[in-house]
Amino acid sequence: MFPVDKIRADFPILQRSVNGKPLVYFDNAATSQTPQIVIDAIVDYYSNYNANIHRGVHTLSQEATDKYEEARIKIQKHFNAKKSHEIIFTSGTTHGINMIASGFSALLNKGDEVIVSALEHHSNIVPWQMLCEKTGAVLKVIPMDEDGSLRIDIYHELLNSKTKIVFCNHVSNALGTINPIEEIIHAAHKFGAVVLVDGAQATPHIKPDVQELDVDFYVASAHKICGPTGVGLLYGKQKLLEQLPPYQGGGEMIDTVTFEKTTYAGLPHKFEAGTPNICGGIAFGVALDYMNAIGFDTIADYENELLQYGTQELSKIDGLKIYGTVSKTAVISFNIEGIHPYDIGAILDKLGVAVRTGHHCAQPIMDFYNIPGTVRASFSFYNTKEEIDVLVNAVTKAKMMLS
Ligand SMILES: *Cc1c(COP(=O)(O)O)cnc(C)c1O
């Protein structure tokens, strides 16, 4: 049996109420909640060894540097990167994607091709559009299917010797679809193209092995994996990171500076200009330890139980349609015929249930289904079947009030 009661006790926020009702938090795809051990790591940093890193000879600076670099190694091990300097700290997924897209603007030529998937988050569409505008490269899109999967057959047709980069998320945030990234990566490599995978939505549920995937770049955000906001990682193969120009100039990223010529520091510092989110990086490491202690396979099995149960119970509501029916993480995106998703979300909030409504930063998917948005309930390992019952009752009530 999954020890969900014990796990829930680790999350102070799950004890609070909202609008006089116990909080039911089903907006995990937007951000996860934070266990006490991560909160304690943040308090410990500011209480005991707050200092700037990589610079000072004094004790506090040494302690902070050691902890921050330990966190980098925890992240390296978690993602199974070959070298710790292949892990670049970022402010989150969006930052990591922009670093690579901006770096490639120096490497692409007019007429080169860039492929993105139709299931992308806006943060994985807009930077590539900007890149194409700057370089004259052409953006191609892998279309999606009614069931929420990608048309991989068409992807194979889009690939050719002009393809330079492919961008795809590992898991779609709007629908939860798990994309066949192994196949996407393998096929791109046959044409000499590199692949960036957006792992923001996969990493809370799946432990990716970047060497086994042979992925070129992989990005994620700590705040979706029980860590704090404002920190994330970019994994890149050493050879590729060395080829890319730095993203920002400043302190920390240089080797020597004169007004004639500046030489850049080696990896990872070349991509880490300025004072980073030191405390956030350390807390990210603690969050990964916490989740690994529970185990990602155990987490995935339990969340899948929640997904099956939620799908079965919500499907009993007349007029309720679920979007995305293929292999997916614990996300249920749905609508009720004739009712705007926002109205359902507002009533659910009155009943203490937190869900996301709207286009989920993925307007092209909503356009595909010809809907303004969906109600998205996304589950985490600290949620329960009883909470799903509360959701189902609340949706039933909302439907009665609104139809
Ligand atoms: C959340 C999310 C992002 C953006 O992450 P930030 O932490 O806001 O930078 C990008 N892609 C996907 C798939 C996401 O779920």
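Remember, predicted model here, so these are calculated numbers, not experimental data.

**Let's talk about the packing of helix H10 (residues 278–294) against helix H11 (residues 296–314)**
Thought 1: Running from N to C, H10 and H11 point in directions that differ by 70°, and their axes come no closer than 6 Å. Of the possible angle classes, the one that applies to H10 and H11 is roughly perpendicular. Between H10 and H11, the contacting residues are Met291, Asn292 and Ile294 on the first element and Phe296, Thr298 and Ile299 on the second.
Thought 2: Residues that form the contact of H10 with H11 fall into these classes: four nonpolar, two polar and no charged.

**Re the sheet that holds strand E14 (residues 331–336)**
Thought 1: Spatial strand order, E13-E14-E17-E16: four strands in an open sheet with antiparallel pairing. On the outer flanks of this sheet lie strand E13 (320–323) and strand E16 (356–358), each paired with one strand and no other. Along the sheet, successive strands turn relative to each other by an average axial angle of 30°, direction set aside.
Thought 2: Strands E13 and E14 of the sheet are contacted by H11, whose axis makes an angle of about 10° with E14.

**Regarding the sheet that holds strand E6 (residues 138–142)**
Thought 1: Across the sheet, which stays open at both edges, the seven strands sit in the order E4-E10-E9-E8-E7-E5-E6 with mixed pairing between neighbours. Because the sheet does not close on itself, it has two edges, and the strands there are strand E4 (87–90) and E6. Sheet twist, expressed as the average angle between the axes of neighbouring strands with direction ignored, equals 20°.
Thought 2: Relative to strand E10 (residues 232–236), E4 is paired through four bridges, and the arrangement is antiparallel. When the sheet's bridge partners are listed, Ile88 is paired in E10 with Leu234.
Thought 3: The strands touched by helix H4 (residues 93–104) are E4, strand E7 (163–169), strand E8 (194–198), strand E9 (217–221) and E10; relative to E9, the strand with the most contacts, the crossing angle is about 150°.

**A few points about the nonpolar core**
Thought 1: Counting 107 residues, the largest nonpolar core has Phe26, Tyr155, Leu314, Ile365, Phe381, Leu391 and Val395 as its most contacted members.
Thought 2: In terms of residue count, the dominant contributor to this core is H10 (10 residues).
Thought 3: Residues lining this core come from more than one domain, with at least three contributed by each of domain 1 (4–30 + 295–402) and domain 2 (39–292).
Thought 4: In contact with Tyr155, not counting residues within four places along its chain, are Ile115, Ile142, Val166, Ile184, Ala187 and Ala188.
Thought 5: Counting residues in each nonpolar core, the second largest holds 25 residues, with Ile88, Met99, Trp128 and Phe167 among its members.

**Section: the side chain of Ser172**
Thought 1: Along the chain, Ser172 falls in the loop between E7 and helix H7 (181–190).
Thought 2: Residue class for Ser172 comes out buried when judged on its relative accessible area of 0%.
Thought 3: Within the structure, Ser172 has its side chain in polar contact with the backbone nitrogen of Leu175 (distance 3.1 Å).
Thought 4: Ignoring sequence-local partners within four residues, the contact set of Ser172 consists of Leu119, Thr177, Asn179, Gln201 and Ile365.

**Side note on unusual backbone geometry**
Thought 1: With an omega dihedral of 0°, the bond running from Leu267 to Pro268 counts as a cis peptide bond.
Thought 2: With respect to the helices and strands, the residue Pro268 is situated in the loop between strand E12 (262–264) and H10.
Thought 3: Unusually for a residue other than glycine, Asn19 sits at a positive phi of about 50°.
Thought 4: Position of Asn19 relative to the elements: it lies in the loop between strand E1 (17–18) and strand E2 (21–22).
Thought 5: A residue is classified by how much of its surface remains accessible, and Asn19, at 46% relative accessible area, is partly exposed.
Thought 6: For Asp214, which is not a glycine, the phi torsion comes out positive at approximately 60°.
Thought 7: With respect to the helices and strands, the residue Asp214 is situated in the loop between helix H8 (210–213) and E9.
Thought 8: Residue Asp214 is classed as partly exposed on the basis of its relative accessible area, which comes to 36%.

**Considering H4**
Thought 1: With 12 residues, H4 ought to run about 16 Å at 1.5 Å a step, and its terminal C-alpha atoms sit 17 Å apart, in line with that.
Thought 2: Where H4 is concerned, the buried positions are Thr93, Gly96, Ile97, Met99, Ile100, Ala101, Gly103 and Phe104.
Thought 3: Elements in contact with the buried residues of H4: E4, helix H5 (126–135), E7, E8, E9 and E10.

**Some remarks on the domain arrangement of the protein chain**
Thought 1: With domains assigned, the protein chain is organised as domain 1 (4–30 + 295–402) and domain 2 (39–292).
Thought 2: Put simply, the middle of domain 1 and the middle of domain 2, counted by C-alpha atoms, are 28 Å apart.
Thought 3: With 34 residues of domain 1 at the interface, the matching set in domain 2 holds 34 residues.
Thought 4: Taken over both partners, the interface formed by domain 1 and domain 2 buries close to 2,700 Å², and the fraction arising from carbon and sulfur atoms is 61%.
Thought 5: Three residues stand out in domain 1 for area buried against domain 2, namely Phe296, Thr329 and Ile365, and they jointly supply 25% of the buried area on that side.
Thought 6: Here domain 1 is connected to domain 2 by one salt bridge.
Thought 7: In this structure, the salt-bridge partner of Glu146 is Lys321, at a minimum N-O distance of 3.9 Å.
Thought 8: Inspection of the region where domain 1 meets domain 2 yields 16 residue pairs in polar contact (both at pLDDT 80 or more).
Thought 9: The set of elements that each furnish at least two residues to the side of domain 1 that touches domain 2 consists of H11, E13, E14 and helix H13 (363–369).
Thought 10: The element best represented in the side of domain 1 that touches domain 2 is H13, accounting for six residues.
Thought 11: Taken together, the residues of the side of domain 1 that touches domain 2 sort by class into 20 nonpolar, nine polar and five charged.

Criteria and thresholds
- Residues numbered from 1 in each chain as written.
- Predicted model: local features only at pLDDT ≥ 70, side-chain atom pairs only at ≥ 80, totals over all residues.
- Heavy atoms only, no water.
- Axes fitted to C-alpha atoms, helices over the stretch in contact; angles between N-to-C directions.
- Helix = DSSP H or I, 4+ residues; strand = E, 2+ residues; numbered from the N terminus.
- Parallel < 35°, antiparallel > 145°, perpendicular 65-115°, else oblique.
- Contact = heavy atoms within 4.5 Å.
- Nonpolar A, V, L, I, M, F, W, Y, C, P; charged D, E, K, R; others polar.
- Pairing = 2+ DSSP bridges.
- Core = buried A, V, L, I, M, F, W, Y, C linked by side-chain atoms within 4.5 Å.
- Buried < 20%, exposed > 50% of the residue type's maximum accessible area, 1.4 Å probe, protein only.
- Domains from an automatic or database assignment.
- Polar contact = N/O pair within 3.5 Å; in protein donor to acceptor, adjacent residues only side chain to side chain.
- Expected span 1.5 Å × (residues − 1).
- Buried area = accessible area lost by both parts, 1.4 Å probe.
- Salt bridge = Lys/Arg side-chain N within 4 Å of Asp/Glu carboxyl O.

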